[in-house]
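For reference, the chains in residue letters:
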Amino acid sequence: MKIIFILIMVLLTNNSCSAQNNIDFFYQDKTKAKETDSSAYKSYLENIPKEFLKKDNEVLLFFNNAAFIDDVITINGKDYNFENYTCGYTQIRILKTDGKINITSKKKKEMDFKLKKGIDYIIINGNFDNKWSVTFSEFFPTMECL
């Protein structure tokens, strides 16, 4: 009986530390990329000033503006203000050396996740039921205005 109790405690502790119930995770590998995705990347390279382009040691986060209207997002201790955007995505660069991302929001509370190797782009949306929706992508994604 003592062994069963210890196993249950270990499982509960491990599950509560590693899983977050307020996040839906998704993944896009390079085989799912379409021609429109490569044209979006080409447009990004041509239209964003070089000093604001993602570097090799960074991850590019895409925040859905519509999901975070009138919200302040804190990413690894730095605040970003989302004021009355109705359409599009805000791009924020994060260093890969941090190894993990901590994001807080007044609307959606807090989430932590580790950066995955080979992932250069992360799309963050607001999901129903006040959840986060996080998509890890190996390629520069094409996103429609919401």
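Preceding block: the structure.
In this text, all values refer to a predicted model and were calculated from it rather than measured experimentally.

K.L.:
Can you break down the overall build of the chain residue by residue, with the values?
P.N.:
Of regular secondary structure, the chain possesses two helices and nine strands. Starting at the N terminus and walking to the C terminus, you meet the elements of the chain as α-β-α-β-β-β-β-β-β-β-β. For the chain, contacts bridging at least 24 residues in sequence account for 61% of all contacts bridging at least 6. Of the roughly 9600 Å² of accessible surface on the chain, 55% is carried by carbon and sulfur atoms.

K.L.:
Give a detailed account of the pairing of strand β4 (residues 78-82), specifying residues and quantitative values.
P.N.:
Where strand β3 (residues 71-75) and β4 come together, five bridges link them in antiparallel fashion. Bridge pairing in β4 links Asp71 to Phe82. Between β3 and the antiparallel strand that follows it, β4, lie two residues; Asn76 among them carries a positive phi value of about 45°.

K.L.:
Give a description of unusual backbone geometry that names residues and reports values.
P.N.:
Trans peptide bonds make up most of the peptide bonds, and negative phi angles are found at most residues other than glycine. A positive phi angle, near 55°, is found at Asp70, a position not held by glycine. Mapped onto the elements, Asp70 comes out in the loop between β2 (58-64) and β3. In the Ramachandran plot, Asn76 falls in the positive-phi region, its phi being about 45° despite a non-glycine side chain.

K.L.:
Provide a residue-level description of the pairing of strand β9 (residues 132-137), including the pertinent values.
P.N.:
Extensive coverage of β9 is indicated by the burial of six of its six residues. Here β9 shows two buried faces, one formed by Trp132, Val134 and Phe136 and the other by Ser133, Thr135 and Ser137. Where strand β1 (residues 23-28) and β9 come together, six bridges link them in parallel fashion. Across the sheet, the residue bridging to Phe26 is Thr135, located in β9. With six bridges joining them, strand β8 (residues 121-126) and β9 adopt antiparallel strand pairing. Bridge pairing in β9 places Gly126 opposite Trp132.

Conventions we followed
Residue indices follow the written sequence of each chain, beginning from 1 at its first position. Whole-chain, interface and lining totals are the exception, using all residues; otherwise, since this is a predicted model, local features are given only for residues with pLDDT of at least 70 and side-chain atom pairs are given and counted only at 80 or more. For side-chain calculations, the full set of non-hydrogen atoms in the structure is used, while hydrogens and water are omitted. Secondary structure counts use DSSP, requiring at least four H or I residues in a row for a helix and at least two E residues in a row for a strand, with both numbered from the N terminus. In what follows, residue pairs with any heavy atoms lying within 4.5 Å of each other are defined as contacts. Computed with the Shrake-Rupley method and a 1.4 Å probe, the accessible areas treat only the protein chains shown as cover for residues. Each pair of strands is called paired provided DSSP finds at least two bridges between the two strands. Using a 1.4 Å probe on the protein chains alone, a residue whose accessible area is under 20% of its type maximum counts as buried, one over 50% counts as exposed, and one in between counts as partly exposed.

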